[in-house]
Amino acid sequence: FLEWACVHKKNYYGLLKKTVFDALEDGSVVFREIDIQGFESICEIIPSDHLVSIFLMPPSLDILKKRIMERSPLSDEEIDRRIESAKIEISLSKECDYVIQTEDNEIEKLLNEIEEIILKEAMA
C-alpha cells in the first residue's frame, strides 16, 4: 500500500501503491480522494513538490454532523466518532496546499474552485 489507515477508529482504508505508480510511470496525473492520515503517509513517500493537496472544509461541525446524518442512518456513537475524526482532520488542514470551504447547494462553485487549482498547478 502507498498509504493505509484506520479511520474513525474502526474502518481500514488503503491505496494500492502499484496502481498509483503505474499511472505516474505512464505520465498520467493521479487524483485521489484520501483522508488527512493518508495524505501524511503519502508525503513520507512522494516528495511534496510532486503533490498538490486540497482540503475540503465543512462550514461548521454542526453542518458536517447534519450532512453525515443525511447520508445514511448511523448510531449516535458512530456519528460522534466521525465528528471527533473530523476535528482532528480540520486541525491538520493547514498541512494542505489549499483549503476550500464547502457550502450546501454550491457544488458548481466548489467544482470551479477545484478546477482553477488544478489548471493553475498544471501550468506551474
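Above this text sits the structure in question.
This one's a predicted model, so the numbers in the text were calculated from it and none came from an experiment. (Residues numbered from 1 in each chain as written. Predicted model: local features only at pLDDT ≥ 70, side-chain atom pairs only at ≥ 80, totals over all residues. Heavy atoms only, no water.)

Got a minute to help me understand the pairing of strand β4 (residues 98-101) in this structure?
Remember that side chains alternate between the two faces of the sheet whenever the strand is regular. Going residue by residue along β4, you find Y98 and I100 tucked away on one face and V99 and Q101 left uncovered on the opposite face. Bridging between strand β3 (residues 54-57) and β4 involves 4 bridges; their strand directions are parallel. The residue of β4 that forms the bridge with I54 is Y98. (Buried < 20%, exposed > 50% of the residue type's maximum accessible area, 1.4 Å probe, protein only. Helix = DSSP H or I, 4+ residues; strand = E, 2+ residues; numbered from the N terminus. Pairing = 2+ DSSP bridges.)

Honestly, the layout of surface pockets in this entry has me stumped. Any pointers?
By rolling a water-sized probe across the atoms, one finds the places where empty space is left. Space inside the largest pocket adds up to approximately 2000 Å³. R32, E33, I34, D35 and I54 are the residues nearest the centre of the largest pocket, which is lined by 48 residues in total. Mapped by element, the contributors of at least two residues to the lining of the largest pocket are β1 (3-7), β2 (11-15), α1 (17-25), α2 (36-43), β3, α3 (61-71), α4 (76-91) and α5 (107-123). Across the lining of the largest pocket, the residue classes break down as 31 nonpolar, 7 polar and 10 charged. Along the wall of the second largest pocket there are 13 residues; nearest its centre are H8, Q37, E84, S85 and I88. Residue assignment for the lining of the second largest pocket shows that the elements contributing at least two residues are β1, α2 and α4. Looking at the lining of the second largest pocket element by element, the count peaks at 5 residues for α4. (1 Å grid on protein atoms, 1.4 Å probe; cavity = no way out; pocket = protein on both sides within 12 Å on 5 of 7 lines; lining within 4 Å. Points joined across faces, edges and corners; volume = space filled by probe spheres on them. Nonpolar A, V, L, I, M, F, W, Y, C, P; charged D, E, K, R; others polar.)

Would you mind showing me how to read a nonpolar patch on the surface here?
A grouping of V29, F31, V52, I54, L56 and I118 is seen on the molecular surface, where their side chains present a nonpolar patch of about 530 Å² in accessible area. Relative to the elements of secondary structure, F31 occurs in the loop between α1 and α2. By relative accessible area, which is 55% here, F31 ends up exposed. (Patch = residues over 30% accessible without salt bridge, like charges linked within 9 Å, V, L, I, M, F, W, Y side chains within 5 Å. Areas by Shrake-Rupley, 256 points an atom, 1.4 Å probe, with all protein chains shown as cover. Salt bridge = Lys/Arg side-chain N within 4 Å of Asp/Glu carboxyl O.)

What am I meant to see in the pattern of salt bridges here?
Pairing between side chains of opposite charge can happen when the charged atoms of each approach one another. Tallying each qualifying case throughout the model produces 8 salt bridges. Among the ionic pairs, K87 bridges to E84, the shortest N-O distance being 3.1 Å. Of the two residues, K87 and E84 both sit in helix α4, 3 residues apart, roughly one turn of that helix. Accessibility expressed as a relative area gives 40% for K87, which makes it partly exposed. E84 gets classed as partly exposed once you look at its relative accessible area, which sits at 42%.

When you look at the packing of α3 against α4 in this model, what are you seeing that I'm missing?
Axes are the key here: two packed helices are described by the angle between their axes and the distance separating the axes. In contact at an axis separation of 10 Å, α3 and α4 are set at 135° when each is read in the N-to-C sense. Put simply, α3 runs oblique to α4. Considering how the two elements wind past one another, α3 and α4 form a crossing that is right-handed. Residue-level contacts link L61, L64, K65, I68, M69 and R71 of α3 to I79, R82, I83, A86, K87 and I90 of α4. Considered class by class, the residues forming the contact of α3 with α4 number 8 nonpolar, no polar and 4 charged. (Axes fitted to C-alpha atoms, helices over the stretch in contact; angles between N-to-C directions. Parallel < 35°, antiparallel > 145°, perpendicular 65-115°, else oblique. Left-handed = near helix turned anticlockwise from the far one by under 90°. Contact = heavy atoms within 4.5 Å.)

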